[in-house]
Amino acid sequence: MLSPSNPMVQRFRELGIEVSYEGLTGQTFDAHRLIAHAEKVGGVAMQNKLMDELFLDYFARDRYPGSPAVLLDAAERAGVPDARLVTEDEGYLADEVRAQMRTYARGVRGVPHFIVDSGKLVVSGAQPQDAWEEIFEDALAKARQASA
């Protein structure tokens, strides 16, 4: 159980969410395939809606994101059509997701791990808001210099 003074618990509470780590953990490859499917059929906006639901399932609802039932429920709440393609066909988008994992997992040493601006900036581990402001201000300054 997390301490009530944990910064992550406090941040979730500010958002009206009671965070929990009591649920199951394990393999999430099917969740990654569903995430790829959401982007394929509905773009980044749909993918983001699905991610919100999956994160809430895991962090607040104690639901395992590797469970087909959990994946289908999250897809329904996010409006992702044809989610059963993922739960009924183990090969659907598997090669594409493995390729993404090979590409983006290189050098990952912490979670979360952020790749910004097509890999020009890599940030490992959770960062406070002021760090992100500095990161993006630096990236913007570099982009302006490059275009000048």
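See the structure above.
The text that follows walks through the structure, step by step, so that each part is easy to find.

The rules behind the values
Residues numbered from 1 in each chain as written. Predicted model: local features only at pLDDT ≥ 70, side-chain atom pairs only at ≥ 80, totals over all residues. Heavy atoms only, no water. Phe/Tyr/Trp six-rings, centres within 6.5 Å; stacked < 30°, edge-to-face > 60°. Helix = DSSP H or I, 4+ residues; strand = E, 2+ residues; numbered from the N terminus. Buried < 20%, exposed > 50% of the residue type's maximum accessible area, 1.4 Å probe, protein only. Core = buried A, V, L, I, M, F, W, Y, C linked by side-chain atoms within 4.5 Å. Contact = heavy atoms within 4.5 Å. Patch = residues over 30% accessible without salt bridge, like charges linked within 9 Å, V, L, I, M, F, W, Y side chains within 5 Å. Areas by Shrake-Rupley, 256 points an atom, 1.4 Å probe, with all protein chains shown as cover. Salt bridge = Lys/Arg side-chain N within 4 Å of Asp/Glu carboxyl O. 1 Å grid on protein atoms, 1.4 Å probe; cavity = no way out; pocket = protein on both sides within 12 Å on 5 of 7 lines; lining within 4 Å. Points joined across faces, edges and corners; volume = space filled by probe spheres on them. Nonpolar A, V, L, I, M, F, W, Y, C, P; charged D, E, K, R; others polar.

**Topic: the packing of aromatic side chains**
Line of reasoning, step 1. Under the counting rule described, the total for this entry stands at five aromatic pairs.
Line of reasoning, step 2. Seen from their ring centres, Phe 55 and Phe 59 are 6.0 Å apart, and the 40 degrees between their planes marks the pair as tilted. In this pair, Phe 55 and Phe 59 are both assigned in helix H2 (residues 29-59), four residues apart and thus about one turn of the helix distant.
Line of reasoning, step 3. Since its relative accessible area comes to 17%, Phe 59 is described here as buried.
Line of reasoning, step 4. A centroid spacing of 5.5 Å and a plane angle of 25 degrees characterise the contact between Trp 132 and Phe 136, whose relative ring orientation is stacked. Here Phe 136 and Trp 132 lie together in helix H6 (residues 129-147), a separation of four residues that amounts to about one turn.
Line of reasoning, step 5. Trp 132 gets classed as buried once you look at its relative accessible area, which sits at 17%.
Line of reasoning, step 6. Overall, Phe 136 belongs to the partly exposed group, its relative accessible area being 45%.
Line of reasoning, step 7. Pairwise contacts between aromatic rings join Phe 12, Phe 55, Tyr 58 and Phe 59 into one cluster.

**Quick notes on the nonpolar core**
Line of reasoning, step 1. The biggest cluster of nonpolar side chains holds 21 residues, and the ones touching the most others in it are Leu 34, Leu 50, Leu 54 and Val 80.
Line of reasoning, step 2. Sorting the residues of this core by element identifies H2, helix H3 (68-78) and helix H5 (94-104) as the ones contributing at least two each.
Line of reasoning, step 3. Among the elements that line this core, the one with the most residues is H2, at nine residues.
Line of reasoning, step 4. Apart from the residues lying within four places of it in its own chain, the contact partners of Val 80 are Leu 34, His 37, Ala 38, Val 41, Met 46, Leu 50 and Ala 75.
Line of reasoning, step 5. Of all hydrophobic cores here, the second largest spans five residues; its members include Val 9, Ile 17, Val 19 and Phe 59.

**Observations concerning a nonpolar patch on the surface**
Line of reasoning, step 1. Taken together, the side chains of Tyr 104, Ile 115 and Val 122 make up a nonpolar region of the molecular surface, amounting to roughly 280 Å² of accessible area.
Line of reasoning, step 2. Position of Val 122 relative to the elements: it lies in strand E2 (residues 121-124).

**A short note on the layout of surface pockets**
Line of reasoning, step 1. Taken as a whole, the largest pocket holds about 2,100 Å³ of empty space.
Line of reasoning, step 2. Forming the boundary of the largest pocket are 39 residues, of which Met 51, Phe 55, Pro 112, His 113 and Phe 114 lie nearest the centre.
Line of reasoning, step 3. Of all the elements in the fold, those that place two or more residues in the lining of the largest pocket are helix H1 (7-14), H2, H5, strand E1 (113-116) and H6.
Line of reasoning, step 4. With 14 residues, the top contributor of residues to the lining of the largest pocket is H2.
Line of reasoning, step 5. Looking at the lining of the largest pocket, its residues break down into 27 nonpolar, nine polar and three charged.
Line of reasoning, step 6. Estimated volume of the second largest pocket: approximately 210 Å³.
Line of reasoning, step 7. If you tally residues by element for the lining of the second largest pocket, the top one is H6, at five residues.
Line of reasoning, step 8. Residues belonging to the lining of the second largest pocket are distributed by class as follows: five nonpolar, no polar and four charged.

By themselves, these are just geometric observations and shouldn't be taken as functional.
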